[in-house]
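Residues per chain, in single letters:
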Amino acid sequence: MNVVFAVKQYVLKMIEDSGPGMKVLLMDKETTSIVSMVYTQSEILQKEVYLFERIDSLNRETMKHLKAICFLRPTKENVEYLIQELRRPKYSIYFIYFSNVISKSEVKSLAEADEQEVVAEVQEFYGDYIAVNPHVFSLNNFGCCQGRNWDPAQLSRTTQGLTALLLSLKKCPMIRYQLSSESSKRLAECVKQVITKEYELFDFRRTEVPPLLLILDRSDDAITPLLNQWTYQAMVHELLGINNNRIDLSRVPGISKDLREVVLSAENDEFYANNMYLNFAAIGSNIKNLMEDFQRKKPKEQQKLESIADMKAFVENYPQFKKMSGAVSKHVTVVGELSRLVSDRNLLEVSEVEQELACQNDHSSALQNIRRLLQNPKVTEFDAARLVMLYALHYERHSSSSLPGLMTDLKNRGVSEKYRKLVSAVVDYGGKRVRGSDLFSPKDAVAITKQFLKGLKGVENVYTQHQPLLQETLDQLIKGKLKDSQYPYLGPSTLRDRPQDIIVFIIGGATYEEALTVFNLNRTTPGVRIVLGGTTIHNTKSFLEEVSATGFRGRAAESSQVMARPTSRR
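Owing to the predicted nature of the structure, the values given are computational and were not obtained by experimental measurement. (Residues numbered from 1 in each chain as written. Predicted model: local features only at pLDDT ≥ 70, side-chain atom pairs only at ≥ 80, totals over all residues. Heavy atoms only, no water.)

Right, let's talk about the packing of helix α14 (residues 347-359) against helix α15 (residues 363-374) for a bit. At their nearest, the axes of α14 and α15 sit 10 Å apart, and the two run at 155° to each other. As summarised for this structure, α14 and α15 are arranged roughly antiparallel, according to the angle between their axes. The interaxial crossing formed by α14 with α15 has left-handed handedness. In this structure, α14 contributes Glu349, Val350, Val353, Glu356 and Leu357 to the contact, and α15 contributes Ser365, Ala366, Asn369, Ile370, Arg372 and Leu373. In terms of residue class, the contact of α14 with α15 is made up of six nonpolar, two polar and three charged. (Axes fitted to C-alpha atoms, helices over the stretch in contact; angles between N-to-C directions. Helix = DSSP H or I, 4+ residues; strand = E, 2+ residues; numbered from the N terminus. Parallel < 35°, antiparallel > 145°, perpendicular 65-115°, else oblique. Left-handed = near helix turned anticlockwise from the far one by under 90°. Contact = heavy atoms within 4.5 Å. Nonpolar A, V, L, I, M, F, W, Y, C, P; charged D, E, K, R; others polar.)

The phi dihedral of Lys170 falls on the positive side, at around 55°, and the residue is not glycine. Mapping Lys170 onto the fold places it in the loop between α6 (152-168) and β10 (174-177).

This paragraph deals with the pairing of strand β4 (residues 93-98). Counting buried residues along β4, five of its six residues qualify, which places the element largely inside the surrounding structure. Looking at chain direction, strand β3 (residues 67-72) and β4 are connected through six bridges and run parallel. Bridge assignment links Cys70 to a residue of β4, and that residue is Ile96. Regarding topology, helix α4 (residues 76-87) serves as the crossover connection from β3 to the parallel β4, and that connection is right-handed. Relative to strand β5 (residues 119-124), β4 is paired through five bridges, and the arrangement is parallel. Paired with Phe98 across the bridge in β5 is Glu124. (Buried < 20%, exposed > 50% of the residue type's maximum accessible area, 1.4 Å probe, protein only. Pairing = 2+ DSSP bridges. Right-handed = clockwise from strand over helix to strand, strands pointing away.)

Scanning the model with the defined rule gives 27 salt bridges in all. Residue Glu85 pairs with Arg60 through a salt bridge whose shortest N-O separation is 2.6 Å. Highlighted residues: Glu85 in helix α4 and Arg60 in the loop between β2 (49-54) and β3, separated in sequence by 25 residues. Relative accessible area serves as the criterion here: at 8%, Arg60 is assigned to the buried category. (Salt bridge = Lys/Arg side-chain N within 4 Å of Asp/Glu carboxyl O.)

The subject of this paragraph is a positive patch on the surface. Taken together, the side chains of Arg148, Arg397, Lys432 and Arg433 present a region of like positive charge at the surface. Checked against the element boundaries, Arg433 lands in the loop between α18 (417-430) and α19 (445-457). Owing to a relative accessible area of 64%, Arg433 belongs among the exposed residues under this scheme. (Patch = residues over 30% accessible without salt bridge, like charges linked within 9 Å, V, L, I, M, F, W, Y side chains within 5 Å. Areas by Shrake-Rupley, 256 points an atom, 1.4 Å probe, with all protein chains shown as cover. Lys, Arg positive; Asp, Glu negative; His and termini not counted. Charge placed at Lys NZ, Arg CZ, Asp CG, Glu CD.)

Laid out in structure tokens, this is it:
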């Protein structure tokens, strides 16, 4: 189950099916992102695709010597654009591929518009999602719900994305959903309806153990997207933001022109592929090793590499090195900027207290540490508010909760009303009243013993002791212990055997910390393959935007409570 490979195969098949000769790839805004995540422009150029155009671009030239490969989402707007295109064709011949199911009536409209008979093929290729990592996909959708209910357009788009994912991986799954979330049940029902209606498409070879789709809700674990991260991919997204593999570095002090925007893709960047799940300290030493290797080959160019600043200076001084390993100079810049932010925002200390809030149950120590950090001028208002949010989620019902006092501290410190309001908004979104799971206090003897032993051994790394709730959920699922009363099956049948192919989807967005959890489970659990998806991939900033967009506005002051068709399918 590799989502990057699945989308790549679709793109390759489109190009191959159109035969030899010069081609243009005609896409929409969304399919442009879908394709750019799995292929670079230069890779596609090698396959005789010399032009990339948007279907909604009005000033395209007529080029009758080019064949057109159209890869589009089956929206009303795109069908309308295609109808206009076919009435006055700009290219010699059209191969049309929709990223999802298209209705008979729309195919008929296209056929009627094709008076010049330029259409060679109309097919459905189900690459209707963003393939982020081989085991991670996203729909790049924000604000999917209004309150606790789906926004109808978003529900439709999410159903399409999820059913396309299943079709591209050739899976017809049994479905389980989180009972405490009405939107999880609603999405499960919509996916099931599509599978029933399009039963011919989902008629795959049966496996001994059927695949499983598990639908979860972000509000069950609002802690994970609020934490600072210390593994490379997650940290880059948290501090710099990853948007379709692109990182905007234009605000970095003294940045050179060619590094204002960089691409981090494990498909085309060996260093990133090898280091994306390693912790920050390991990344720095791995870059240093690469540079020292270069120095050994060029003995004249010895220079001490003690710090990130030394590495940056080295890259600038040796254009030869920059040329030889553009990827490394890119990573030196990224790691340099991460180091600067960690130091400027005092993130080591902030993160240590975040981890204490997420993983320990010592109220007085946590409160003391938050108050100490709120006094520290290096701590930004964003990080100050984030600490109070974590406190509010953990201790909202504690008998000695000091939330009103902390809210006053935030106000006195000059934290903006926007962030102060978000504290109660986050509790409304993912507080104890809403959660179906117990995030903080393990109840059964085994869990308590585990926590006690963890406390005795000490933690390998104080900054990465937190495990997302997803870790426990998947662990229970794989062992066959996930309670039907909390995660019921949709429909009468249940799974008797240990699941093998698991697709997890989080409404309201997944995180790179959860992607790391799934990566590690795939690596350490033989016979189990897991793919993680979400309506989007969050960092703290985008998660708080999602909470606001969902309609949880919060308060600035706190109280202590808080079918047979004319198309062929692949």
